[in-house]
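Each chain, written out:
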Amino acid sequence: MAVTLVTSFASSSSRFHFRSFSSSPSSLSSCFVRFQLPSRLRVAFAVTPLYSSSRAMAHTIAHATLGLTQANSVDHPKISFSGKEIDVTEWKGDILAVGVTEKDMAKDVNSKFENPILKKLDAHLGGLLADVSSEEDFSGKPGQSTVLRLPGLGSKRVGLIGLGKSASSPSAFQSLGEAVAAAAKASQACSVAVVLASSESVSNESKLTSASAIASGTVLGLFEDSRYKSESKKPSLKSVDIIGFGTGPELEKKLKYAEHVSYGVIFGKELVNSPANVLTPAVLAEEASNLASMYSDVMTANILNEEQCKELKMGSYLAVAAASANPPHFIHLIYRPSSGPVKTKLALVGKGLTFDSGGYNIKTGPGCLIELMKFDMGGSAAVLGAAKAIGQIKPPGVEVHFIVAACENMISGTGMRPGDVITASNGKTIEVNNTDAEGRLTLADALVYACNQGVDKVVDLATLTGACIIALGTSMAGIYTPSDKLAKEVIAASERSGEKLWRMPMEESYWEMMKSGVADMVNTGGRAGGSITAALFLKQFVCEKVEWMHIDMAGPVWNEKKKAATGFGVATLVEWVQNNSSS
């Protein structure tokens, strides 16, 4: 008797379900996987086991239900953002949050504020603001905040939030938004206003971007992933007024854009945070299909099964997937504007290892991070998070392909071994000298596939090397590209999004370390320059006429202090796509 596994993932509630049913003996040669989606989209395909059907299915069911874990249903709060021009002493609500620099906190000989807004607020509060700031030694440094409860006044609380020496970058304003969210959560506030003590320091040209960053920081700061906890608190914040940054439809559009991007980032965070016993390659593929269903006016999904990948000769990708009881799923989403001509075609390719054991070169010893290898699909999370945001924003004039070769890197008798020679879909052969350098093997076939879609530019993202973490730490990603033009585009997008990138060299002489005696190349060149040789490896699978960039995001994918995903990459990708559109 063969058994079929049906897996479903509900995006709106972030709830995973697993169930199985029996099929007739005539179906012993294959298992049939059906994604049960809304009526607008159905995805179904056959997967042929690599070994005995009954044994394969027994392993699949055991793995998919491991721990009997299901994510709790969580509804993300919807916040209304609006721009206002109003006297701060007249605003009524729960918290009036004032962003202050160290210069703003200067006081005269009578210990009174010199800053006009703080001076006016302090007079309105009978000098209480100046007294409390002195008593608590609040000087406006980054990370400092103080909140006063004021019964009987228009605003129930007034908060001072430190911005440091100045506030000019998107990341500084996003931090302000995060601090506002923290204050709102602590006091269970429903309504908040945000104002700068020195709003004149923000140029008219940057007011839209700054307001957008505040909104983004507030949404992200309010988010807590409690899906796998037995108890959770629901934030009560409903509205945020941003004072002094202008009003009107242009600002409203920018605030709505920030909201769309933020929920894309949250989606990416949830994917990375999900444990590998829940987020299997099949579930990741279904989540991608759900996006196509949700934005069916502009997005379609094509999920390739193992047999279809074989037909495309994806030997490099399938070799990585061969050891796992969970079959591979090759994800291809396509965004096309509902109207108007397409002027540019882009591809975003994300590494999609839902778990990486290292294979036969198993991850062992201190610092190997095997317990965190659920985040080895961080690149795919960035790509799918961007897809969610773009499905809502709907930029005109640009077609975007979102590509993920999803699989697990496990250990079994069917898995690839050190010394094996595998063949990628462009015909190039690879000697596997380390099974733990598997991400680049999946990306190789994904990049060939992306180039075959007729795109003009490709950006791939991957938690690819520990070497990049050693070089750049955990707050920024390394970028590799032979194209100066593409480098400028993506770096400009990252500066607007507040994410940190650093361009690394493509040192061609290092390719000598990647040569094999029996194949076209090996898959790793050793420790020296490891992130560079990984990028050089990927370059072998990109068409020369296509502009290409590799982003190694192994460092910033995870926040160890918060023990949670960062959603890194989503905001930069969306900004880059938007800049390539005709809007």
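Just above, that's the structure.
1. Examining empty space enclosed by the protein
Then, number 1: Scanning all chains against the criterion turns up four cavities of 30 Å³ or more.
Then, number 2: For the second largest cavity, the calculated volume is near 50 Å³.
Then, number 3: Residue classes in the lining of the second largest cavity are distributed as seven nonpolar, four polar and no charged.

2. Observations concerning the sheet that holds strand β7 (residues 145-149)
In sheet architecture, strand pairing relies on hydrogen bonds along the backbone and comes in two forms, parallel and antiparallel.
Then, number 1: Strand order in the open sheet formed by six strands is β5-β10-β9-β6-β8-β7, and the pairing between neighbours is mixed. On the outer flanks of this sheet lie β5 (80-84) and β7, each paired with one strand and no other. Along the sheet, successive strands turn relative to each other by an average axial angle of 20°, direction set aside.
Then, number 2: Of the pairings in the sheet, the one linking strand β6 (residues 93-100) to strand β9 (residues 191-196) comprises five bridges and is parallel in character. Counterpart to L96 in the pairing with β9 is A193.

3. Quick look at helix α11 (residues 439-451)
Then, number 1: Spanning 13 residues, α11 covers 18 Å between terminal C-alpha atoms, matching the ideal 18 Å at 1.5 Å per step.
Then, number 2: Within α11, 13 of the 13 residues are buried, which leaves the element mostly enclosed by the surrounding structure.

4. Re the sheet that holds strand β17 (residues 457-462)
Then, number 1: The eight strands are arranged β11-β12-β14-β13-β17-β21-β18-β19 in an open sheet whose pairing can be described as mixed. The open sheet has two edge strands with one neighbour each: β11 (299-304) and β19 (501-503). The average undirected angle you get between the axes of adjacent strands in this sheet is 20°.
Then, number 2: Examined bridge by bridge, strand β18 (residues 477-480) and β19 share three bridges and lie parallel to one another.

5. Section: the pairing of β5
Then, number 1: Alternating residues of β5 divide into F81 and G83, all buried, and S80, S82 and K84, none buried.
Then, number 2: In the sheet, β5 pairs with strand β10 (residues 239-243) via five bridges, with the strands oriented parallel. Bridging across to β10, G83 finds its partner in I242.

6. A look at the side chain of K351
Then, number 1: If you trace the backbone, K351 turns up in strand β13 (residues 344-356).
Then, number 2: Among the residues examined, K351 registers a relative accessible area of 3% and is labelled buried.
Then, number 3: Within the local environment of K351, its side chain forms a polar contact with the side chain of E438, the two groups lying 3.4 Å apart.
Then, number 4: Leave out the neighbours within four places in its chain, and K351 touches D376, M377, G378, G379, S380, E438, G439, L443, L461, A462, T463 and L464.

7. Points about the environment of A554
Then, number 1: Checked against the element boundaries, A554 lands in the loop between β21 (547-552) and β22 (558-559).
Then, number 2: Assessed through its relative accessible area of 9%, A554 is described here as buried.
Then, number 3: Residues A554 and T463 lie 91 residues apart in sequence; the distance between their C-alpha atoms is 3.9 Å.
Then, number 4: Setting aside residues up to four positions removed in sequence, A554 forms contacts with A462, T463, L464, T465 and I469.

8. Quick look at the packing of helix α6 (residues 249-273) against helix α15 (residues 570-579)
Then, number 1: Here α6 crosses α15 at 135°, and the two axes come no closer than 9 Å. Taken together, the axes of α6 and α15 are oblique relative to one another. Pair α6 / α15 crosses with right-handed handedness. Where α6 abuts α15, its residues Y257, V261, G264 and V265 lie against V570, A571, V574, E575 and Q578.
Then, number 2: Grouping the amino acids of the contact of α6 with α15 by side-chain chemistry returns six nonpolar, two polar and one charged.

9. Observations regarding a nonpolar patch on the surface
Then, number 1: Taken together, the side chains of Y360, I362 and I411 present a nonpolar region at the surface, about 270 Å² in accessible area.
Then, number 2: Positionally, I411 belongs in the loop between β14 (398-409) and β15 (421-423).

10. Some words on the pairing of β9
Then, number 1: For β9, the tally of buried residues reaches six of six residues, placing the bulk of the element in the interior.
Then, number 2: Alternating positions in β9 separate into two faces, S191, A193 and V195 on one and V192, V194 and L196 on the other, with burial throughout.
Then, number 3: Where β9 and β10 come together, four bridges link them in parallel fashion. Looking across to β10, one finds that V194 is bridged to I242.

11. Some details on the packing of helix α2 (residues 116-124) against helix α3 (residues 128-135)
Axes are the key here: two packed helices are described by the angle between their axes and the distance separating the axes.
Then, number 1: The interhelical angle for the contact between α2 and α3, taken along N-to-C directions, is 105°, at an axis separation of 6 Å. Compared by their axis directions, α2 and α3 come out roughly perpendicular. Residue-level contacts link L118, L121 and D122 of α2 to L128, L129 and A130 of α3.
Then, number 2: Looking at the contact of α2 with α3 residue by residue, the class counts come to five nonpolar, no polar and one charged.

12. Structural notes on the packing of aromatic side chains
Then, number 1: Counted under the stated rule, the structure contains five aromatic pairs.
Then, number 2: Each ring, one from F173 and one from F245, has its centre 6.3 Å from the other, and the planes form 90°; the classification is edge-to-face. Note that F173 is positioned in helix α4 (residues 170-187) and F245 in the loop between β10 and α6, a separation of 72 residues in sequence. The same class applies to F173 as to F245, namely buried.
Then, number 3: Here the aromatic rings of F330 and Y449 are separated by 4.7 Å at their centres, their planes lie at 65°, and the arrangement is edge-to-face. You can see F330 sitting in strand β12 (residues 329-335) and its partner Y449 sitting in helix α11, a full 119 residues away along the chain.
Then, number 4: The exposure class of Y449 is buried, given its relative accessible area of 10%.
Then, number 5: The residue whose ring lies beneath K78 is Y263, and the NZ or CZ to ring-centre distance is 4.1 Å.

13. A few points about the nonpolar core
Then, number 1: Counting 100 residues, the largest nonpolar core has M299, L333, L348 and F402 as the members making the most contacts within it.
Then, number 2: Once residues within four sequence positions are removed from consideration, M299 is found in contact with L291, A292, L333, I334, Y335, A387, G391 and F402.
Then, number 3: Grouped together as the second largest cluster of nonpolar side chains are 52 residues, M416, L441, L443 and M514 included.

14. Topic: the layout of surface pockets
Then, number 1: Each pocket or cavity is described by its volume, and for the second largest pocket that value is around 1,100 Å³.
Then, number 2: Forming the walls of the second largest pocket are 38 residues, and the residues nearest its centre are K363, L464, T465, G466 and A467.
Then, number 3: Put simply, the parts of the chain that give the lining of the second largest pocket at least two residues each are β13, α11, α12 (466-472), α14 (530-539) and β22.
Then, number 4: Ranked by residues supplied to the lining of the second largest pocket, first place goes to α12 with four residues.
Then, number 5: Per-class residue counts for the lining of the second largest pocket are 14 nonpolar, 15 polar and nine charged.

Cut-offs and rules
- Residues numbered from 1 in each chain as written.
- Predicted model: local features only at pLDDT ≥ 70, side-chain atom pairs only at ≥ 80, totals over all residues.
- Heavy atoms only, no water.
- 1 Å grid on protein atoms, 1.4 Å probe; cavity = no way out; pocket = protein on both sides within 12 Å on 5 of 7 lines; lining within 4 Å.
- Points joined across faces, edges and corners; volume = space filled by probe spheres on them.
- Nonpolar A, V, L, I, M, F, W, Y, C, P; charged D, E, K, R; others polar.
- Pairing = 2+ DSSP bridges.
- Helix = DSSP H or I, 4+ residues; strand = E, 2+ residues; numbered from the N terminus.
- Axes fitted to C-alpha atoms, helices over the stretch in contact; angles between N-to-C directions.
- Expected span 1.5 Å × (residues − 1).
- Buried < 20%, exposed > 50% of the residue type's maximum accessible area, 1.4 Å probe, protein only.
- Polar contact = N/O pair within 3.5 Å; in protein donor to acceptor, adjacent residues only side chain to side chain.
- Contact = heavy atoms within 4.5 Å.
- Parallel < 35°, antiparallel > 145°, perpendicular 65-115°, else oblique.
- Left-handed = near helix turned anticlockwise from the far one by under 90°.
- Patch = residues over 30% accessible without salt bridge, like charges linked within 9 Å, V, L, I, M, F, W, Y side chains within 5 Å.
- Areas by Shrake-Rupley, 256 points an atom, 1.4 Å probe, with all protein chains shown as cover.
- Salt bridge = Lys/Arg side-chain N within 4 Å of Asp/Glu carboxyl O.
- Phe/Tyr/Trp six-rings, centres within 6.5 Å; stacked < 30°, edge-to-face > 60°.
- Lys NZ or Arg CZ within 6 Å of the ring centre and 35° of its normal.
- Core = buried A, V, L, I, M, F, W, Y, C linked by side-chain atoms within 4.5 Å.

These figures come from the coordinates and say nothing about function on their own.
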